[in-house]
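# Chains, contacts and geometry: an overview
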Amino acid sequence: STTSDEVALDAALAAGLLAPSIRFNPSNASAAFGLSASFAAGANGIPAPTVQWQRQPAGTTGFVALTDDATYSGTTTGTLVVSGVTSAMTGDQFRLVATNPVGTAVSGAATLAVSGSAPLFAQMPQPASAITGGVAQFTATFNFAPPGTLRWQRAPSGSTVFYDLGEGAPYSGTTTGTLTITGVTDVMAGDRFRLVAGPTGDPAVFSISGAATLAVTPLLVPPLAAGYVYSTYAPGLEIQTNGVAVDSRGWLYVAATADHAIRVFQPNGVAFILAGSVGNSGAADGNGSAARFNQPSGVAVDAAFNVYVADSGNHSIRKITPDGDVTTVAGLSGTSGPSVPETGLADARFSSPTGLAVDAAGVTIFVADSGNHVVRAIDLTYRAERQIVTTLAGQDGTAGFAATQLRTPTNVVPFGNKLYVSDLSGAILRIDLDVWSSALDLRSTLDTRRSYPLVTVAGLRGNLPMGPMPFSQYRNVDGTGSEARFGVRLGLAVDAFGVVFVADATNNTIRRMTSDGVVTTVGGLPAPQGIAPAGTVDGSGGSERFTDPLAIAVG
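Counting starts from 1 at the beginning of each chain's written sequence and moves along it residue by residue. Only residues with pLDDT of at least 70 get local features here, since the model is predicted, and only at 80 or more are side-chain atom pairs given and counted; chain-wide, interface and lining totals rely on the full set of residues. Working from all heavy atoms in the structure, the side-chain values ignore hydrogens and water.

### A look at the pattern of salt bridges
Spelled out, the test is: Note on definitions: salt bridges are taken to be side-chain nitrogens of Lys or Arg within 4 Å of carboxyl oxygens of Asp or Glu. Helix numbering and strand numbering both begin at the N terminus, where a helix is a DSSP run of H or I of at least 4 residues and a strand a DSSP run of E of at least 2. Exposed residues in this analysis have more than 50% of their type's maximum accessible area, buried residues have under 20%, and partly exposed residues fall in between, with area computed by a 1.4 Å probe over protein chains only.
Considering all chains together, one arrives at 12 salt bridges under this definition. Across the salt bridge formed by aspartate 164 and arginine 151, the nearest N and O atoms sit 3.6 Å from each other. Within this pair, whereas aspartate 164 is found in strand β17 (residues 163–164), its partner arginine 151 is found in strand β16 (residues 149–155), the two being separated by 13 residues in sequence. We classify aspartate 164 as partly exposed; its relative accessible area is 42%. Judged by relative accessible area, which is 22%, arginine 151 ranks as partly exposed. In this structure, the salt-bridge partner of arginine 511 is aspartate 504, at a minimum N-O distance of 2.9 Å. Of the two residues, arginine 511 and aspartate 504, both sit in the buried class.

What follows is the structure in structure tokens.
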């Protein structure tokens, strides 16, 4: 008798139809990690059948239909291509299913074997170096297209743990073959970077490059001495200045007193005029070269890169934004006057302010109001109508060496609740801003309703109200407290640990003072019996020479 299948087949043949059949089965395939493998199979039938590749992952049961994506292509053709194979794919099976209106045929299964366990890096990341504030790059290349995703990782100096980097300053290219670090900082020295390549969705299977180390060369800015600055950016350029400052990027700001301008020197060798016009004095706010200064003496920069200037010849305090916009913060340009406690910014008067500094929070500007023989504070904590200028120490219009007097203060530098001051007395003084507390304080540590006492940290102050000490007192002598001796003109800077660096112009030396008043000479040739030899010689161990260093900055 005739079966139902035979009857159906006879009917199909009579109608010109033929059920699919596998013409040839796929063969097993192998490939190295990260490369491609292919499987081919054929099927017959009338009409021609459609085909679909299926996969059964290693260690599982049941085949699943594939679709074209980054890993699989040709999933509905006679040839399946598997790209970027990984170790986890070893043992995967693939088969072809052919279908037409008459029936379905399934090929035998072929197995994939993957050799190796990592992509073949053509080049591992190499060690990189950069100066502080500069740019560093790490690059890795492959002999073939990297499988899956890329991600750069960083292990901080001294750590063995790597973590993924996110895209954003200072890092860019974190998912590409090249990682760029913009604005390298000193704390990045010794950091290690590596590239991880792995298939999407399969984090357990990836390859890791070797780790490359970042070296950072600190800028030669801590400390920088300046009296006449001979710039290596422009050989022969002579800049007379009483004030320099360094920001977190390593940019050096110079109050070019004789030029009536503010100059900037960048670590990459670029130098430019931030504001003012060289050789043209005046008293005008404006942008860049449209602004005018008159013998700017002191300069300071806050964390947001706003620059503050003691515009000595204009008897005012100026501000320059990072875009070069110049405004007058306090005082009336061209008009000097006595210091008046708790005065509004517009009504305040200064007399030849020489030095200034801004606190870490960027809300208080400390000013050495030289002509008035006082130290002032400009409080920017509140809205404009409540911002004031107050006198912290000294007696307005009276110069002297008494405990409450100053003789032409020239420089100020804050550290925490301490404010270090130099005046023309041959000593370094300190104002302790936290000696009182009051509910009326504008800030928690600054009581503007009091006059703060002056503490002599190191050196010996003169003993006549306006007369100088004997010349022999101005020697370069190291020691503690009153044992130390300084010249009469002192530039000040403080580092992150509270150590004060001193530009001793009279003695042509650079000094170092701890918070306990221990003074040592760190630059120039000490000459306890007289003035140290001058010069502009680089070197170390006492071979270096300075000429009249009036200002100093620590980066």
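### A few points about the nonpolar core
Most often, soluble globular proteins keep nonpolar side chains buried together rather than apart. Selection rule: By convention a nonpolar core is built from buried Ala, Val, Leu, Ile, Met, Phe, Trp, Tyr and Cys residues, the set being connected through side-chain atoms within 4.5 Å. Two residues form a contact once any of their heavy atoms are found within 4.5 Å.
Counting 21 residues, the largest nonpolar core has Phe138, Leu179, Ile181, Val184, Phe193 and Leu214 as its most contacted members. For this core, the secondary-structure elements that each account for two or more residues are β13 (128–131), β14 (135–139), β16, β19 (178–182), β20 (192–198) and β22 (212–217). Each residue touching valine 184, except ones within four places of it in the same chain, is listed here: Ala130, Ile131, Thr132, Gly133, Gly134, Val135, Ala136, Leu214 and Val216. Among the nonpolar cores identified, the runner-up in size contains 20 residues, and Leu66, Tyr72, Leu112 and Val114 belong to it.

### Regarding the environment of threonine 506
Keep this limit in mind: Polar contact criterion, stated in full: a pair of N or O atoms within 3.5 Å, where within protein one must be able to donate a hydrogen and the other to accept it, and residues adjacent in sequence count only if both atoms are side-chain atoms.
Structurally, the position occupied by threonine 506 is in the loop between β45 (500–504) and β46 (509–513). Expressed as a C-alpha distance, the spacing of threonine 506 and glycine 487, which sit 19 residues apart in the sequence, is 4.7 Å. Reaching out from threonine 506, the side chain makes a polar contact with the backbone nitrogen of valine 488 at a distance of 3.0 Å.

### Digging into the sheet that holds β19
For the record, the criterion: Note: two strands are recorded as paired if DSSP finds a minimum of 2 bridges between them.
Taken in spatial order, the three strands of this open sheet run β14-β19-β18, and their pairing is antiparallel. Looking along the sheet, the strands with just one partner apiece sit at the ends: β14 and β18 (171–172).

### Examining the environment of alanine 284
Along the chain, alanine 284 turns up in the loop between β28 (271–276) and β29 (286–287). Spatially, the C-alpha atoms of alanine 284 and asparagine 314 are 10.0 Å apart, while their sequence positions differ by 30 residues. Leaving out residues up to four positions away in the same chain, alanine 284 has contacts with Ala290, Ala291, Arg292 and Arg318.

### Notes on the pairing of β20
The buried fraction of β20 amounts to six of the seven residues, a majority that puts the element mostly inside the structure. Note: β16 against β20, seven bridges, orientation antiparallel. The residue bridging threonine 149 from the neighbouring strand is glycine 198, located in β20. As paired elements, β20 and β22 share two bridges and run antiparallel to each other. Residue pairing for β22: arginine 192 is matched across the bridge by threonine 213. Sheet analysis places β20 next to strand β21 (residues 207–208), joined by two bridges and oriented antiparallel. Across the sheet, residue valine 196 finds its bridge partner in β21, namely isoleucine 208.

### Quick notes on the sheet that holds strand β8 (residues 79–82)
Strand order across the open sheet formed by three strands is β3-β8-β7, with antiparallel pairing between neighbours. One side of each edge strand has no neighbouring strand; the edge strands of this open sheet are β3 (37–40) and β7 (72–73).

### As for the side chain of aspartate 369
As for its position among the elements, aspartate 369 is in strand β36 (residues 364–369). Aspartate 369 sits in the buried class, given a relative accessible area of 0%. With residues up to four places along the chain from it excluded, the contact list for aspartate 369 reads Ser339, Arg349, Phe350, Ser351, Pro353, Val374, Arg376 and Pro409.

### Thoughts on the side chain of threonine 180
Turning to its location among the elements, threonine 180 is positioned in strand β19. In terms of polar contacts, threonine 180 uses its side chain to reach the side chain of glutamine 137, at 2.9 Å. Once residues lying within four places of it in the same chain are set aside, the contact partners of threonine 180 are Val135, Ala136, Gln137, Pro170, Tyr171 and Ser172.

### A short note on unusual backbone geometry
A cis geometry characterises the amide bond from isoleucine 46 onward to proline 47, with omega recorded as -5°. Here alanine 169 and proline 170 are connected by a cis peptide whose omega angle stands at 5°. Along the polypeptide, proline 170 turns up in the loop between β17 and β18. If you check the backbone angles, phenylalanine 305 has positive phi at about 70° while not being a glycine. Relative to the elements of secondary structure, phenylalanine 305 occurs in the loop between β30 (296–301) and β31 (307–311). Residue class for phenylalanine 305 comes out partly exposed when judged on its relative accessible area of 21%. Unlike most non-glycine residues, serine 352 shows phi in positive territory, near 50°.

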